[in-house]
Every structure is written in C-alpha cells, then in structure tokens.
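A look at the structure
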Amino acid sequence: MINRRTFSKAVGLGTGAAAVSLAGFQANAKASTGPWRSGEAPAPTVPAVTPGTHTSFDRIKQVRAGVLDVGYAEAGPVHGPVVICLHGWPYDIHSFVDVAPLLAAQGYRVIVPFLRGHGTTRFLSSRTVRNAQQSAVALDVIALMDALKIEQALLAGFDWGSRTADIIAALWPERVKGLVSVGGYIITNVEAQKQPLPPKAEYAWWYQYYFATERGRLAMENKTSRHDLCRLVWDTVSPTWDFDDATFERTAAAFENPDYAAIVVHNYRWRLGLADGEGRYERYERKLATRPVIEVPTITLDAERDPFTAPGDGVSYRDRFTGKYAHRTLTGIGHNLPQEAPTAFAQAVVDVDHL
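All values reported here derive from a predicted model rather than from experimental measurement.

1. Some words on the overall build of the protein
Check the secondary structure of the protein and you find 13 helices and 10 strands. Out of the 355 residues belonging to the protein, those deemed buried represent 60%. For the protein, the computed accessible surface area is about 14000 Å², with 53% contributed by carbon and sulfur atoms.

This is how it looks when you write it as structure tokens:
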C-alpha cells in the first residue's frame, strides 16, 4: 500500500504488552513462515526477554556519513553479520534497547542510528536544507553503510524506519540481505496522499495536520509543548503498553536536537504535498511513485493495537513483496512494536536471515 497506512478498527484483544516468549509468540502472533534455505537448519529461537529489561546502550558512537555526523549505538561482534535497526517518530534508538542485545547474543553486529534531526545526529553544514523527504532519509542510511564499510545488511524498522528500509530494499536491493518491516509496504506517494481517507483514519493522523499549520510548527519548537505532544502520541498509539515516565524521558532527550522541529514538520508537510523536496532527490521519488516491488527476503509485522495497522492481515500490501516472504500479526501490541515486543521483533530478524 503506497499511501497512508489505512486505519483499522480498534480491536480489544489483550491488555498489556507482556514479554513474548516462544510460547507467548505462538499464542500472540499469527504467522505465515517461509521455507528455510535448502540444507540449512531452522533459525535459532531467540530467548525471551521482558520488555524494559535494558534501559540504555553502552555508548553512542559518531561517524561522518554523507551530509550528517551520525550518532549510533552498536552491539555485538564487529565481524558479525550486520543488522541495522531504524526507529520512527516520536521515538529514537531506545525502541531497540532490548532488541539489540538479543541479536548481539545471536552473533549479529547491530547498528542503531539516530535518524536525521534526532539525538546526537547532526548536519555537517548549516547550509544544508533541513529536508526530511523519504528518499533523503533513505540515502542517509546508505551513506552510513558506506562510512562503516558495510556492503550489505539486514534492515529492520518501524514507522519512519520501515519506510526507510522499504525504500532501500526497493531501490538498492543489493545492499539488503533481508528486511523486517513493521506495517508492511509504507513507501509514500505524495499524489496518492492528496486523496482523503475514512474519517477515523484522518482522526488518527491529527498531528500530521497540526504540523501543517504555523501553530503546530511553533508547538514543536517549544520544549514543553513538544514534550507533551510526543507523550500524547505514545499514549494513544500504544494503548496497551504499560511504560513508565522514565522510559519516555530517555527517548525524549533525543527530541532536544536543534533540528528536530524542522525535520519533523518538514517530513509531515512534504508527505501532504505542502512542502517542497529537493531536486537532487527527484529521480528517486519518481521511482518510488511507481510502487516498486521489493524482491529481497522479507518478514512483515503488524501490530494489532496500532491504529495505523491496515486491516486484512497484510493482504493490502502482499503484492509488493515478490521474494521469500512471511507475515506475522502480534495481538495486544501497539505502534512501538520493537520496544513493546522485543523478542518477537528480534525473532523476525533472525528468521528473515534464514528465509
């Protein structure tokens, strides 16, 4: 599905985002798994972890990549197969704070970058346009891979991170060993987004329209308003996640980036066709507007309590994935799927590596 993710009916199954053990995963996720590679043993089972077990990364590294000085966390053996985990809005690298050690324990080198405008990631030049159109963010990740001399990686993300990973898999498949995409195929088509959605869907996207106004821009530039707005989004899109104040505040620190407001506002205005992109990205946007298929091995994840999850258990975007493929729906889980259900997310990464 190339335009905005369709709003589904809120389904009242489950109450809290408990740890997804192997037994819990089987109980809480509907899965359609693909075949393993010929002659290879099935993927190992990721040991269960209670969400919130980890609260921080050992340290944040920095590397110059493209137009950015990128801040990123890293875990696992330096020569292990690479997994790049990509966060969304209004979140940051802490969405993967439990996922990263699970994957590191399986021998993966895990890279978790702050996207442009977040955390310690900074623009190298004050003259660079604070542009958050989708292809620009995707090229940031390509530049990061080049800077770290990573030829190919497993990509796994949600929200902005899913969109970014989908784009890289579609346009640069040689760089992607496998893909885990929460919400499925969410590459944006600006023209398609000009068409209205059902009222309940528009209601869920209230902040997108708020950011289209001068009032919304000012709210994002104000520290208190920005903090409270982002907290409200957390509460509403993850209705069963019983997180504490400290969990939110650890992520909220990433919103203090000096370019945060500009990046967030531009992203949502650009999606609605209310802000221009840059000409140097136009060739990529033209390709993305054709809804290119994704051929790399893929597992899509839907969060049942996420108001943006499309109905139909992945049917609406199934035709966009033409390679080895599996789909899973996690019941009782909201929008921030990696942090709410880290075991299930990590298991999907391991499994897609064995598709």
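Moving on from the model shown.
2. Quick word on the nonpolar core
With 110 residues, the main nonpolar core has Trp89, Leu103, Met220, Leu301 and Phe345 as its most contacted residues. Take this core: its biggest share by element is eight residues, from helix H3 (residues 134–147). Excluding residues within four positions of it along the chain, Leu103 makes contact with Val83, Tyr108, Val110, Ala346, Val349 and Val350.

3. Observations regarding the pairing of strand S7 (residues 153–157)
With five of five residues buried, S7 lies mostly within the body of the structure. Of the pairings in the sheet, the one linking strand S4 (residues 82–86) to S7 comprises four bridges and is parallel in character. Among the inter-strand pairings, Ile84 is bridged to a residue of S7, identified as Leu155. Across five bridges, the pairing between S7 and strand S8 (residues 176–182) is parallel. Looking at the pairing, Leu155 lines up with Leu179 of S8. Taking the sense of rotation as the criterion, the β-α-β connection linking S7, helix H4 (residues 160–171) and S8 turns out right-handed.

4. Quick look at empty space enclosed by the protein
Following the criterion strictly, the structure yields four cavities of 30 Å³ or more and no others. Considered as a void within the structure, the largest cavity measures approximately 90 Å³ in volume. The wall of the largest cavity is formed by Ala132, Gln133, Gln134, Val137, Trp160, Arg163, Thr164, Ile167, Thr188, Asn267, Trp270 and Arg271. Breaking the lining of the largest cavity down by element, the ones donating at least two residues are H3, H4 and helix H10 (260–271). It is H4 that contributes the most residues to the lining of the largest cavity, four residues altogether.

5. Some words on the environment of Trp234
One can find Trp234 in helix H8 (residues 223–237). You can call Trp234 buried: its relative accessible area is 0%. When the C-alpha atoms of Trp234 and Pro90 are compared, they prove to be 7.6 Å apart, with 144 residues separating the residues in sequence. Residues within four places of Trp234 in sequence aside, it is in contact with Pro90, Tyr91, Trp241, Phe243, Thr247, Phe248 and Thr251.

6. As for the pattern of salt bridges
Evaluation of the coordinates by the stated rule reveals 15 salt bridges. For the salt bridge of Arg116 with Asp140, the shortest nitrogen-to-oxygen distance reads 2.6 Å. Here the residue Arg116 occupies a position in the loop between strand S5 (109–113) and strand S6 (122–123), and Asp140 occupies one in helix H3, the gap between them amounting to 24 residues. Residues participating in the shared-partner salt-bridge network are Lys61, Glu74 and Arg109.

7. Quick word on the pairing of S8
The element S8 is largely enclosed, with a buried count of six among its seven residues. Bridging between S8 and strand S9 (residues 298–303) involves four bridges; their strand directions are parallel. When the bridges of S9 are listed, Leu179 appears paired with Thr298.

Rules of the game
Residues numbered from 1 in each chain as written. Predicted model: local features only at pLDDT ≥ 70, side-chain atom pairs only at ≥ 80, totals over all residues. Heavy atoms only, no water. Helix = DSSP H or I, 4+ residues; strand = E, 2+ residues; numbered from the N terminus. Buried < 20%, exposed > 50% of the residue type's maximum accessible area, 1.4 Å probe, protein only. Areas by Shrake-Rupley, 256 points an atom, 1.4 Å probe, with all protein chains shown as cover. Core = buried A, V, L, I, M, F, W, Y, C linked by side-chain atoms within 4.5 Å. Contact = heavy atoms within 4.5 Å. Pairing = 2+ DSSP bridges. Right-handed = clockwise from strand over helix to strand, strands pointing away. 1 Å grid on protein atoms, 1.4 Å probe; cavity = no way out; pocket = protein on both sides within 12 Å on 5 of 7 lines; lining within 4 Å. Points joined across faces, edges and corners; volume = space filled by probe spheres on them. Salt bridge = Lys/Arg side-chain N within 4 Å of Asp/Glu carboxyl O.

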